[in-house]
Amino acid sequence: MSMTPDQSKRFSLIHDLVTRQLEGTASADDQKELQDAITSDAEMRREYIRYMQETTHIASRLIPPHPNDEFSKSGVLGTVVHTDMTHADIANAHDTHTHAFDRQSRANIAPEHHSEHRQITAASRAHDAQTSRGESPGRYSSPGRYSVTFPRVASSLAIATSLLLAVTLVFWNNDRNADREHVAMNTPGDADYPVTTGAAHGTEVATLVECTNVVWDSQSNAVDELSRVGVGQNISFNQGRIKLVFDSGVETLVLAPCLLNIQDRNRVYCTYGRITAKASSGGKGFAIETPVARVTDLGTEFGIAIHESGETEVAVFEGEVDIELGSPNARNEQGPAAKREHLVQGQATLVDHQGRSSRVFSIDNQRMPGVRDLAPLHHNLPVISAVRDNISERQPDSRMFYRIVHAGLREDSRAFVDRTHEWNGIDEKGIPRRLIGADYVMPFNDDKFVGDLGVHVTIARPASVYIFFSNNTKIPAWLSDTFVDTGMDIGLDEGANRYKPKKIIGVGPSNSIDNTFSIWKRDVREPQELRLGSFERPQDFKRGYNMYGIAAVAK
């Protein structure tokens, strides 16, 4: 395929900079030049996307899986890659390969190459997990599950493809869709979907960037990984999860079973299913319509669970949302008088068919995970199944919820739903080993102000239950009478909040520890509900004081 002089110049620049990245010889200036090029010039972004598509294709053809390995036995991670191929080999092959990839979308990768692309992507996911734990490059392992080795070519290419390409697609697609004409749209053949004003029917507005163990409800509506998704398109699947990235900058995690209709670049209608959305500044205003509510993002991360009956749970993990209560028809009839509710971080509500709202006491990360939640550290049955309190008896309008994190306690774990504080080890040894992977509860820190608080924790199986209690606070009788001080401690790294707006979170054990908590233990021999209580404000609270933490480890 012949190139114009400008195209040839762009290709040469991208080829040179990416090859240096893959060879590991790129300087900081080279990396900045590549980043600046693909974020500031639309044509350069297109050239980069096309180049990386082709590079991925060549690598997937030339890097064979090891004959003794099975790809992704668990459906989550891992191919073992063995090769003596160098980055230069890829670059040379690139020079001789035809340059005929479609410029419009990486969704046009040939179907027979999708599995190979997923191998590269799987390598990237494992490499990311390895790096986040500070392990040395070259090997990722999880005891008893899988082991993945990465030559430098595979890991470098995977990172470049799965991370930089995803970012540039958002920029590119914003360019393509910024000036689309807006027309009235209704989903053909389904009168249940409300008529909305949005982009023209069929206009591509999002990219399906990941599928995990997905079983589509029919072959006709199956969507390939890396495909573009258009207005009016139904997404329906019975098992698994997918990630959709909208051109507006909104990342969504969608869990089965789900029936979703794309209505605009910033709006979807979900008949049933679970969706978590995380919006950048450009995604502010993203809306999810359900049979009983419309939830509009105000710069946040939030989760929605729509029952098959249509009833809708909404939980805000960060930021805030507006909720318009009632069915689309009811809201249209009521107009400006339609009932509304505003939720902020740490609040959740359930909307019923009459448009009435009520508190949701607890939400767990398996049922409603965050878009970028870390994977659980094991897959044993949950230990903590529910949490509730007595606050609603005095404050019926309360919407605060407890977040239950299964198999999730580790360094830098978020401690409270209404703060950015994190749990950390008090020294370089880190959090006590017996607590790593524990189920734990994120309460709301403002519970510390409730004088007669009663927190009821349902333990689903025999376990050791732990309470993290601040060392600058008087020990209450309910704790000392039924729990034993283990002698171990855990640290709290406090983030910025309304009381301490300049606080900064550290990373890793022993960094930026603001308060130390004693770890108390109680053995539970059978499933039961434990009642925890309140505590007194310390006399010296200049350094602040915090709500206690709750964790449990199965026997």
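Look above for the structure.
Structure report, in brief. Note that the structure is predicted; figures quoted are calculated from it, not measured.

**Examining the overall build of the protein chain**
Along the protein chain, the regular secondary structure elements total nine helices and 29 strands. Across the protein chain, every contact between residues at least 6 apart in sequence was considered, and the portion connecting residues at least 24 apart equals 68%. With the model as given, the accessible surface of the protein chain reaches about 24800 Å², and the carbon-plus-sulfur share is 49%.

**A short note on the pattern of salt bridges**
Under the defined criterion, the tally for this structure stands at 23 salt bridges. Arg372 serves as the salt-bridge partner of Glu251, at 2.2 Å between the closest nitrogen and oxygen. Remark: Arg372 occurs in the loop between strand E18 (362-364) and strand E19 (384-389) and Glu251 occurs in strand E8 (residues 250-264); sequence separation between them is 121 residues. With a closest N to O distance of 3.1 Å, Glu324 and Arg294 form a salt bridge. With Glu324 in strand E14 (residues 320-325) and Arg294 in strand E11 (residues 293-297), this residue pair connects regions lying 30 residues apart in the sequence. By relative accessible area, which is 13% here, Glu324 ends up buried.

**Focus: the sheet that holds E19**
Spatially, three strands are ordered E19-E24-E28 in an open sheet, and the strand pairing comes out antiparallel. Whereas interior strands pair on both sides, the edge strands pair on one side only; in this sheet they are E19 and strand E28 (528-532). Ignoring which end each strand starts from, the neighbouring axes of this sheet average 20° apart. Taken together, the five bridges between strand E24 (residues 455-459) and E28 define a ladder with antiparallel strand orientation. Bridged to Thr458 within E28 is Glu529.

**Structural notes on the pairing of E14**
Sheet topology places E11 next to E14; five bridges connect them, and they run antiparallel. Across the sheet, the residue bridging to Thr296 is Asp322, located in E14. Relative to strand E15 (residues 340-344), E14 is paired through five bridges, and the arrangement is antiparallel. Within E15, the position partnered with Val321 by the bridge is Leu343.

**A word on the packing of aromatic side chains**
Counted under the stated rule, the structure contains 13 aromatic pairs. Relative to Phe535, the ring of Phe469 lies with its centre 5.4 Å away and its plane at 80°, an arrangement referred to as edge-to-face. Residue Phe469 is located in strand E25 (residues 463-470), and its partner Phe535 is located in the loop between E28 and strand E29 (549-554); the two are separated by 66 residues in the primary sequence. Looking at Phe535, the relative accessible area reads 8%, which means it is buried. Here a set of aromatic residues connected by ring pairs shows up, and it is made of Phe449, Phe469, Trp478, Phe535, Tyr545 and Tyr548. In this arrangement the basic side chain of Lys448 is found over the ring face of Tyr545, its NZ or CZ atom lying 5.1 Å from the centre.

**Some points on the environment of Glu422**
With respect to the helices and strands, the residue Glu422 is situated in strand E22 (residues 422-424). Owing to a relative accessible area of 14%, Glu422 belongs among the buried residues under this scheme. For the pair formed by Glu422 and Glu411, sequence separation is eleven residues and the distance between their alpha carbons is 8.0 Å. The contact partners of Glu422, leaving out residues within four places of it in the chain, are Asp412, Ser413, Arg414, Ala415, Gly491, Leu492, Asp493, Ile505 and Gly506.

**Considerations on the nonpolar core**
By size, the foremost hydrophobic cluster in this structure holds 58 residues, and its most contacted members are Trp423, Val455, Ile459, Phe468, Leu532 and Tyr548. Per element, the largest residue contribution to this core is six residues, and it comes from E25. Residues contacting Val455, with those up to four places away along its chain left out, are Val387, Arg388, Asp389, Tyr402, Leu530, Arg531, Leu532, Tyr548 and Ile550. Listed in part, the 41 residues of the second largest apolar core include Phe246, Phe302, Ile306 and Val316.

**Thoughts on the side chain of Asp418**
Mapping Asp418 onto the fold places it in the loop between strand E21 (413-414) and E22. A polar contact of 3.2 Å, which involves the side chain of Asp418, links it to the side chain of Arg419.

**Re the environment of Glu318**
Inspection of the secondary structure assignment puts Glu318 in strand E13 (residues 312-318). Taking the C-alpha atoms as reference, Glu318 lies 9.3 Å from Thr420; in sequence the two are 102 residues apart. With residues near it in sequence (within four places) discarded, Glu318 still touches Lys278, Thr300, Glu301, Gln345 and Arg414. In terms of polar contacts, Glu318 uses its side chain to reach the side chain of Arg414, at 3.4 Å.

**Let's talk about the pairing of E8**
By the criterion of burial, E8 is predominantly enclosed, with 13 of the 15 residues buried. Relative to E8, strand E7 (residues 234-246) runs antiparallel, the two sharing nine bridges. Across the sheet, the residue bridging to Val245 is Glu251, located in E8. Here E7 hands over to E8 after three residues, with Gly249 in that stretch at a positive phi of 100°. Across eleven bridges, E8 lies against strand E9 (residues 267-279) in antiparallel orientation. From the neighbouring strand, Thr252 faces E9, where its bridge partner is Ala277.

**Some thoughts on unusual backbone geometry**
The omega torsion of the bond from Ala256 to Pro257 falls at -5°, within 30 degrees of zero and hence cis. Mapped onto the secondary structure, Pro257 falls in strand E8. The backbone of Ala407 shows a phi angle near 50°, a positive value even though the residue is not glycine. Within the secondary structure, Ala407 sits in the loop between strand E20 (402-405) and E21. Residue class for Ala407 comes out buried when judged on its relative accessible area of 3%. With a phi close to 60°, Ser512 is a non-glycine residue in the positive phi region.

**Points about the sheet that holds E20**
Spatial ordering of the open sheet is given by E18-E20-E23-E29-E25-E27-E26-E22-E21, a layout of nine strands whose pairing is mixed. Looking along the sheet, the strands with just one partner apiece sit at the ends: E18 and E21. Inspection of the sheet shows strand E23 (residues 439-442) paired to E29 by three bridges, in the antiparallel sense. Bridged to Val441 within E29 is Ile550.

The rules behind each value
Residues numbered from 1 in each chain as written. Predicted model: local features only at pLDDT ≥ 70, side-chain atom pairs only at ≥ 80, totals over all residues. Heavy atoms only, no water. Helix = DSSP H or I, 4+ residues; strand = E, 2+ residues; numbered from the N terminus. Contact = heavy atoms within 4.5 Å. Areas by Shrake-Rupley, 256 points an atom, 1.4 Å probe, with all protein chains shown as cover. Salt bridge = Lys/Arg side-chain N within 4 Å of Asp/Glu carboxyl O. Buried < 20%, exposed > 50% of the residue type's maximum accessible area, 1.4 Å probe, protein only. Pairing = 2+ DSSP bridges. Axes fitted to C-alpha atoms, helices over the stretch in contact; angles between N-to-C directions. Phe/Tyr/Trp six-rings, centres within 6.5 Å; stacked < 30°, edge-to-face > 60°. Lys NZ or Arg CZ within 6 Å of the ring centre and 35° of its normal. Core = buried A, V, L, I, M, F, W, Y, C linked by side-chain atoms within 4.5 Å. Polar contact = N/O pair within 3.5 Å; in protein donor to acceptor, adjacent residues only side chain to side chain.

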